[in-house]
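Chain and residue survey
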Amino acid sequence: MARVVVDVMLKPEILDPQGKAVHGAFGRLGFDGVADVRQGKRFEITLDGEATEERVAEIRKAADTLLANPVIEDYALHVETDQ
């Protein structure tokens, strides 16, 4: 079995109100030294069998069309394998 992880984040030029709210909460709760917070999404997709190039390409296509909004979000995809 393999797992494909897709991390989705707002593009840097897009305002992140949830990240700003969390950033403010850090200071109010006494956690100092936090310069910025950006909020994102993480998808962990477990595959039956191996993560072949074709299967990873399918997940990449799903990320492009379903998991991320390419107008306002970027994503990073990587494969984790069972040890």
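To be clear, the structure that these remarks concern was listed above.
Attention in this report is confined to the structure presented alongside it. Please read all numbers here as calculations on a predicted model, not as lab measurements.

To continue, consider the environment of Arg55. Mapping Arg55 onto the fold places it in helix H2 (residues 53-67). Arg55 sits in the partly exposed class, given a relative accessible area of 31%. Taking C-alpha positions, Arg55 is 33 Å from Val37, a pair spaced 18 residues apart along the chain. Ignoring sequence-local partners within four residues, the contact set of Arg55 consists of Leu47, Asp48, Gly49 and Glu50.

Here the focus is the pairing of strand S1 (residues 2-10). Alignment of S1 against strand S2 (residues 40-47), held across eight bridges, turns out to be antiparallel. In the sheet register, Val6 faces S2, and the bridge partner there is Phe43.

Parameters and conventions
- Residues numbered from 1 in each chain as written.
- Predicted model: local features only at pLDDT ≥ 70, side-chain atom pairs only at ≥ 80, totals over all residues.
- Heavy atoms only, no water.
- Helix = DSSP H or I, 4+ residues; strand = E, 2+ residues; numbered from the N terminus.
- Buried < 20%, exposed > 50% of the residue type's maximum accessible area, 1.4 Å probe, protein only.
- Contact = heavy atoms within 4.5 Å.
- Pairing = 2+ DSSP bridges.

None of the figures reported here should be taken as evidence of function without further support.
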